[in-house]
Amino acid sequence: MTAPLIIIGSGFAAYQLVKNLRRKKSGRPIMLFTANSGDEYNKPDLSHVFTRQQNADDLISHTGAEFAQQYQVELFANTRVEAIDVEAKAITANGVCYPYSALVLATGATTFVPRLEGDASQEIITLNSLDEYRCSQQRIALAKRVLIMGGGLIGTELAMDLAASGKQVQILEPGTQLMASILPDFVSTSLEKQLRQEQVSVECRSYAVAMKYLDGTIQVTSNKGLTYQVDGVISAAGLRPNLTLASQAGLQVNQGIVVDKQLKTSADSVYAIGDCAEIDGKVMAYLQPIILSANTLASTLMSESSTLTMPAMMIKVKTPNYPIQIGGAHDVDSQWKVELSPQGIVAKAYDQQQRLTGFVVTKDNINQAFPLLREVQTA
Ligand SMILES: Cc1cc2nc3c(=O)[nH]c(=O)nc-3n(C[C@H](O)[C@H](O)[C@H](O)COP(=O)(O)OP(=O)(O)OC[C@H]3O[C@@H](n4cnc5c(N)ncnc54)[C@H](O)[C@@H]3O)c2cc1C
């Protein structure tokens, strides 16, 4: 009997792959191992659970069992894969060996939690999965003051959501501006102004160095020697792809598990997709690259020829009181043409040859995002 396709993980990447395979009419047996329940949910919804007053279970669209039945998958829920033997083409989980004909790692990423001095550092909350939210939802609901470590996309979205649900929020951002990796400074400044109006304090060039219990609360000390007395601390200090299984199996890893344009790793019949994968030297922890990757990988697994191409893509920043959409690419050498008005910003990035490479639109101008994206894609 032919060994099944084994998938490790039950996040968006794994489930998108399963859906693509079944949509393409692949009847191939699939075993899916996941460290969690396998319940399906839309992870970006974690950015607005506080204003919507949703608990973890409210986000579940299908239970793991429902998903498994609908897509004819043998689900091993709450089962962590312990090892991969690429020579024997088998994985080990709960001490049992399962052979595979092909193996897909969709093991995602883990939020980086900085090591801090003090007795309260174990209180740091992370929100990169439904289970993490489930563990901390009660604590966050009761908190009046929340400190967020990191003013990137996720930290900023969470800050606006927490503030809109009535909490005082403090962001500590080590860099010089919010969302430095995706926003030009003039947009960050406008966003920061909006956040301040919503009682979110932003302290740039700042990071936590210590956390201790104080009078039933938590006192956080920053590198500048400032102290913040809060009821909860969330780390949004960036993601680290989960590489342990892959590196122990001898797969080539760098920032992520290195894959080619067919999502193949360095080992025969082993593939990687999603937040754990590195494509063209980049880890792209967003849904759109995963959608494109899942389509390509499904074709690859069905022996159809397919090569991943990444068109200019768009990121929507879920800060509802100051909506932002970012498209294409820009870098330090980009020349910006910026229109500022009470309706928001339209900023276009051009390269040395005066080609439009990217853009950022805010507030009422977000309706210009799709036409601009088409311009970037055809430039
Ligand atoms: C708050 C928040 C908001 C976001 N908003 C957006 C947005 O607006 N737009 C956007 O494009 N992206 C957004 N993202 C990012 C997007 O959600 C992720 O890129 C995507 O969900 C990652 O999916 P994944 O399947 O690769 O990883 P994950 O969802 O992390 O899944 C990894 C899976 O692997 C399993 N696993 C790991 N190791 C093992 C093991 N050894 N054995 C068994 N199972 C294992 C885990 O249990 C899990 O099921 C957001 C992310 C967050 C946290």
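Residues numbered from 1 in each chain as written. Predicted model: local features only at pLDDT ≥ 70, side-chain atom pairs only at ≥ 80, totals over all residues.

Chemist: Explain the pairing of strand S1 (residues 5–8) to me, please; I cannot follow it from the model alone.
Modeler: Along any regular strand, the residues point their side chains to alternate faces of the sheet. Covered by surrounding structure in S1 are Leu5 and Ile7 together with Ile6 and Ile8, the residues of both alternating faces. Relative to strand S9 (residues 102–105), S1 runs parallel, the two sharing four bridges. For leucine 5, the partnering residue across the bridge sits in S9 and is alanine 102. Pairing geometry for S1 and strand S2 (residues 30–33), over four bridges, is parallel. Counterpart to isoleucine 7 in the pairing with S2 is leucine 32. Regarding the hand of the β-α-β motif, the stretch spanning S1, helix H1 (residues 12–23) and S2 is right-handed. (Buried ≥ 20, exposed ≤ 12 C-beta atoms within 10 Å, placed from the backbone. Helix = DSSP H or I, 4+ residues; strand = E, 2+ residues; numbered from the N terminus. Pairing = 2+ DSSP bridges. Right-handed = clockwise from strand over helix to strand, strands pointing away.)

Chemist: Can you help me understand the site of the ligand in this one?
Modeler: In the vicinity of the ligand, 34 residues are found, and the nearest of them are Gly9, Gly11, Pro44, Gly108 and Gly274. Where the shell around the ligand is concerned, the elements lending two or more residues are H1 and helix H7 (287–301). When residues in the shell around the ligand are grouped by element, the largest group, three residues, is from H1. Looking at the shell around the ligand residue by residue, the classes come out as 17 nonpolar, 12 polar and five charged. The residues that make up the shell around the ligand include at least three from each of domain 1 (5–110 + 239–301) and domain 2 (113–235). (Near = placed C-beta within 6 Å. Nonpolar A, V, L, I, M, F, W, Y, C, P; charged D, E, K, R; others polar. Domains from an automatic or database assignment.)

Chemist: Honestly, the sheet that holds strand S13 (residues 200–204) in this entry has me stumped. Any pointers?
Modeler: Across a sheet, strands are paired by hydrogen bonds formed along the backbone, either parallel or antiparallel in direction. Pairing in this open sheet of four strands is parallel, and the strands run S13-S12-S11-S17 from one edge to the other. In this open sheet, the two strands that pair with only one neighbour each are S13 and strand S17 (232–235). Within the sheet, the average angular offset between the axes of one strand and its neighbour, ignoring direction, is 20°. Summarising the sheet, strand S12 (residues 168–173) and S13 pair through five bridges and their orientation is parallel. Across the sheet, residue leucine 172 finds its bridge partner in S13, namely glutamate 203. (Axes fitted to C-alpha atoms, helices over the stretch in contact; angles between N-to-C directions.)

Chemist: Teacher, can you tell me more about the packing of H1 against H7 here?
Modeler: Two measures define how a pair of helices packs: the angle their axes make with one another and the distance between the axes. The geometry of H1 relative to H7 is characterised by a closest axis approach of 8 Å and an angle of 45° between their N-to-C directions. Taken together, the axes of H1 and H7 lie oblique to each other. The interaxial crossing formed by H1 with H7 has right-handed handedness. Together, Phe12, Ala13, Gln16, Leu17, Asn20 and Leu21 of H1 and Leu287, Ile290, Ile291, Ala294, Asn295, Leu297, Ala298 and Leu301 of H7 make up the contact between the two elements. (Parallel < 35°, antiparallel > 145°, perpendicular 65-115°, else oblique. Left-handed = near helix turned anticlockwise from the far one by under 90°. Contact = placed C-beta atoms within 7 Å.)

Chemist: Help me out: how do you make sense of the domain arrangement of the protein chain in this one?
Modeler: How big an interface is tends to be stated in terms of the accessible area lost upon association of its parts. Parsing the protein chain into structural domains produces domain 1 (5–110 + 239–301), domain 2 (113–235) and domain 3 (323–378). Computed over C-alpha atoms only, the centres of domain 1 and domain 3 are separated by 33 Å.

Chemist: Would you mind showing me how to read the environment of glutamate 123 here?
Modeler: When you line up the elements, glutamate 123 lands in the loop between strand S10 (109–111) and helix H3 (130–142). The partly exposed category is assigned to glutamate 123, around which 16 C-beta atoms lie within 10 Å. Glutamate 123 sits 69 residues away from glutamine 54 along the chain, and the two C-alpha atoms are 22 Å apart. Contact partners of glutamate 123, with chain neighbours within four places excluded, come to Met211, Ile218 and Val233.

Chemist: It is not clear to me how the environment of glycine 232 should be interpreted in this structure. Could you clarify?
Modeler: Within the secondary structure, glycine 232 is located in strand S17. Expressed as a C-alpha distance, the spacing of glycine 232 and serine 341, which sit 109 residues apart in the sequence, is 37 Å.

Chemist: Would you mind going over helix H4 (residues 153–164) with me for this structure?
Modeler: Spacing of three or four residues puts side chains on the same side of an α-helix, whose turn is 3.6 residues. Between its first and last C-alpha, H4 extends 17 Å over 12 residues, near the 16 Å set by a 1.5 Å rise per residue. Taken together, the buried residues of H4 touch strand S11 (145–149), S12, helix H5 (185–197), S13, S17 and strand S22 (314–317). Looking one or two residues beyond H4, the residue adopting positive phi is glycine 166, at roughly 100°. (Expected span 1.5 Å × (residues − 1).)

Chemist: Explanation requested: the sheet that holds strand S16 (residues 227–230) in the structure shown.
Modeler: Taken together, the three strands give an open sheet; going across it, the order is S14-S15-S16, and neighbouring strands pair in antiparallel fashion. The open sheet is flanked by strand S14 (208–214) and S16, the only strands paired with a single partner. Taking each pair of neighbouring strands and ignoring which way they run, the sheet shows an average axis angle of 25°. Relative to strand S15 (residues 217–222), S14 runs antiparallel, the two being bridged by six bridges. Within S15, the position partnered with tyrosine 213 by the bridge is isoleucine 218.

Chemist: What am I meant to see in unusual backbone geometry here?
Modeler: If a residue is not glycine, its phi is most likely negative; likewise, a peptide bond is most likely trans. In this structure, glutamine 72 takes a positive phi of about 55° despite not being glycine. Its place among the elements puts glutamine 72 in the loop between helix H2 (64–70) and strand S5 (74–76). One non-glycine residue with positive phi stands out, namely asparagine 94, at about 50°.

Chemist: Before we go on, may I ask you to explain the nonpolar core in this structure?
Modeler: Side chains that are nonpolar tend, in soluble globular proteins, to be buried together. Membership of the largest hydrophobic core comes to 58 residues, with the highest contact counts inside it found for Ile148, Ala159 and Val233. Looking at which element gives the most residues to this core, the answer is H4, with seven residues. When near neighbours in sequence (up to four residues on either side) are disregarded, alanine 159 contacts Ile148, Val169, Ile171, Leu195 and Val200. The next biggest cluster of nonpolar side chains, apart from the first, holds 50 residues, and it includes Leu243, Val270, Ile273 and Cys276. (Core = buried A, V, L, I, M, F, W, Y, C linked by C-beta atoms within 7 Å.)

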